[in-house]
Amino acid sequence: LFFRIVKSIMARKNGKNHKKEASRKNSDSQPWLDIHPEVKQVIFAVGAFVLAALFAISSIGKGGALGGYLYRAFGFLLGGGYFFAPVTLVLLGFSFLFSDRNRVFAVTVLGGFLFFLASLLSLDLFFGAGTGGALGRVMSSPMLALFDFWGAFVITLGIWIVALLLLFNIPFWK
């Protein structure tokens, strides 16, 4: 028995325990949840639409206690740009639904995030400091200090164009 234990330990150290290595390789190579890419896209779209609906009903006071906290917290961060949260989530949802790409999540979310930030920045630029909430103020203050209004406007317009290209995977020239 002692020699059998020692032999087993030595086999592990030398990498000769093929049964356990084969089972580890098989378990690492198989995804834990094998879902078709189109089903994943629809799941992401439904999630985006549900979050958009939660943001919308929270803004009219019908989201319950958690919806009220959500509205107050995001209202502080986003200011008048709160309505861009559900709009961006709806755009993300449609982008997930109608995208031809299999790996859509990261690029689409990046496009939605840039669209959202550019929207808050433009609110702060056009309607005054604080209109885009705390996030808009944090972004617009250095932009206005470094570039003034027209420079900040051109940069924001560029961010919006890039965001829409990423969000909808639209080629610029065909």
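Residue numbers restart at each chain and count upward from 1, following the sequence in its written direction. Two thresholds apply to this predicted model, a pLDDT of at least 70 for residue-level local features and 80 or more for giving and counting side-chain atom pairs, whereas whole-chain, interface and lining totals are computed over all residues. Water and hydrogen atoms play no part in the side-chain values, which are based on all heavy atoms of the structure.

1. Overview of the nonpolar core
And then number 1: What we call a nonpolar core is a set of buried Ala, Val, Leu, Ile, Met, Phe, Trp, Tyr and Cys residues that are connected through their side-chain atoms within 4.5 Å. The rule is simple: take the accessible area with a 1.4 Å probe, protein chains only, and divide by the maximum for that residue type; under 20% is buried, over 50% is exposed, in between is partly exposed. In terms of nonpolar packing, the biggest core is built from 15 residues, with Phe55, Leu78, Ala85, Leu89, Leu92 and Phe116 touching the most fellow members.
And then number 2: For the purposes of this entry, the term helix denotes a DSSP run of H or I that reaches at least four residues, the term strand denotes a run of E that reaches at least two, and both are numbered from the N terminus. Secondary structure elements with two or more residues in this core: α3 (37-59), α5 (84-98) and α6 (105-127).
And then number 3: The dominant element in this core, judged by the number of residues it contributes, is α5, at 5 residues.
And then number 4: We call two residues in contact whenever any of their non-hydrogen atoms come within 4.5 Å of each other. Discounting chain neighbours no more than four positions away, the residues touching Leu89 are Ala48, Leu51, Ala52 and Phe55.

2. Here's the deal with the packing of aromatic side chains
And then number 1: Only Phe, Tyr and Trp rings are paired, with Trp represented by its six-membered ring, and only when their centres lie within 6.5 Å; those with planes under 30 degrees apart are stacked, over 60 edge-to-face, the remainder tilted. Inspection of the entire model under this criterion finds 13 aromatic pairs.
And then number 2: Note on Phe126 and Phe149: the rings are 5.6 Å apart at their centroids and 75 degrees apart in plane angle, and the pair reads as edge-to-face. A residue pair is termed long-range when its members are at least 10 positions apart, and Phe126 in helix α6 and Phe149 in helix α7 (residues 133-168) qualify at 23 residues.
And then number 3: Pairwise contacts between aromatic rings join Phe55, Tyr71, Phe74 and Tyr82 into one cluster.

3. Focus on the packing of helix α4 (residues 64-78) against α7
For any two helices packed against each other, one specifies the crossing angle of their axes together with the interaxial distance.
And then number 1: Helix axes are fitted only over the stretch in contact, all axes being lines through C-alpha atoms; the angle between N-to-C directions runs from 0 to 180 degrees. Interhelical geometry of α4 versus α7 gives an angle of 20 degrees and a closest axis separation of 2 Å. Taken together, the axis directions place α4 and α7 in an arrangement best described as roughly parallel. Taken together, the residues of α7 that come into contact with α4 (itself represented by Phe76, Leu77 and Leu78) are Gly133, Ala134 and Leu135.
And then number 2: Classification used: nonpolar for Ala, Val, Leu, Ile, Met, Phe, Trp, Tyr, Cys and Pro, charged for Asp, Glu, Lys and Arg, polar for all others including Gly. Grouping the amino acids of the contact of α4 with α7 by side-chain chemistry returns 5 nonpolar, 1 polar and no charged. The labels follow the angle: roughly parallel below 35 degrees, roughly antiparallel above 145, roughly perpendicular from 65 to 115, and oblique for the rest.

4. Points about the layout of surface pockets
And then number 1: Buriedness of a pocket was judged along seven lines, with at least five required to meet protein on both sides within 12 Å; pockets are open sets of points on a 1 Å grid over the protein atoms alone, cavities are sets where a 1.4 Å probe fits but cannot get out, and lining residues have an atom within 4 Å of a point. Grid points are joined across faces, edges and corners, and a volume is the space filled by probe spheres set on the points. In this structure, the largest pocket encloses a volume near 300 Å³.
And then number 2: Forming the walls of the largest pocket are 13 residues, and the residues nearest its centre are Ala85, Thr88, Leu89, Phe113 and Phe116.
And then number 3: Contributing elements (two or more residues each) for the lining of the largest pocket: α3, α4, α5 and α6.
And then number 4: Classifying every residue of the lining of the largest pocket gives 11 nonpolar, 2 polar and no charged.

5. Considerations on a nonpolar patch on the surface
And then number 1: Exposure above 30% relative accessible area and no salt bridge define the residues that can form patches, which grow by joining like charges within 9 Å and nonpolar side chains of Val, Leu, Ile, Met, Phe, Trp and Tyr within 5 Å. Note on areas: these come from Shrake-Rupley sampling with a 1.4 Å probe, and a residue is covered only by the protein chains present in the view. Here a salt bridge means any side-chain nitrogen of Lys or Arg lying within 4 Å of a carboxyl oxygen belonging to Asp or Glu. A cluster of nonpolar side chains, contributed by Val42, Val46, Val50, Leu51, Leu54, Ile57, Ile60, Val90, Phe94, Leu97 and Phe98, occupies part of the molecular surface with about 960 Å² of accessible area.
And then number 2: Mapped by element, the contributors of at least two residues to the nonpolar patch are α3 and α5.
And then number 3: Examining the composition of the nonpolar patch, we find that 6 residues originate from one element, α3, more than from any other.
And then number 4: Tracing the backbone shows Leu97 in helix α5.
And then number 5: For Leu97, a relative accessible area of 36% puts it in the partly exposed group.

6. Things to note about α5
And then number 1: Every helix has an expected span of 1.5 Å times one less than the residues it contains. For α5, spanning 15 residues, the distance from its first C-alpha to its last is 21 Å, which sits close to the expected 21 Å at 1.5 Å a residue.
And then number 2: On its buried face, α5 is in contact with α3, α4, α6 and α7.

7. Here's the deal with the environment of Leu92
And then number 1: Inspection of the secondary structure assignment puts Leu92 in helix α5.
And then number 2: In the structure, Leu92 is positioned 21 residues away from Phe113 in sequence and 9.6 Å away in space, judged by C-alpha atoms.
And then number 3: Those residues within four positions of Leu92 in sequence are excluded, and the remaining contacts are Ala48, Thr108, Val109, Gly112 and Leu167.

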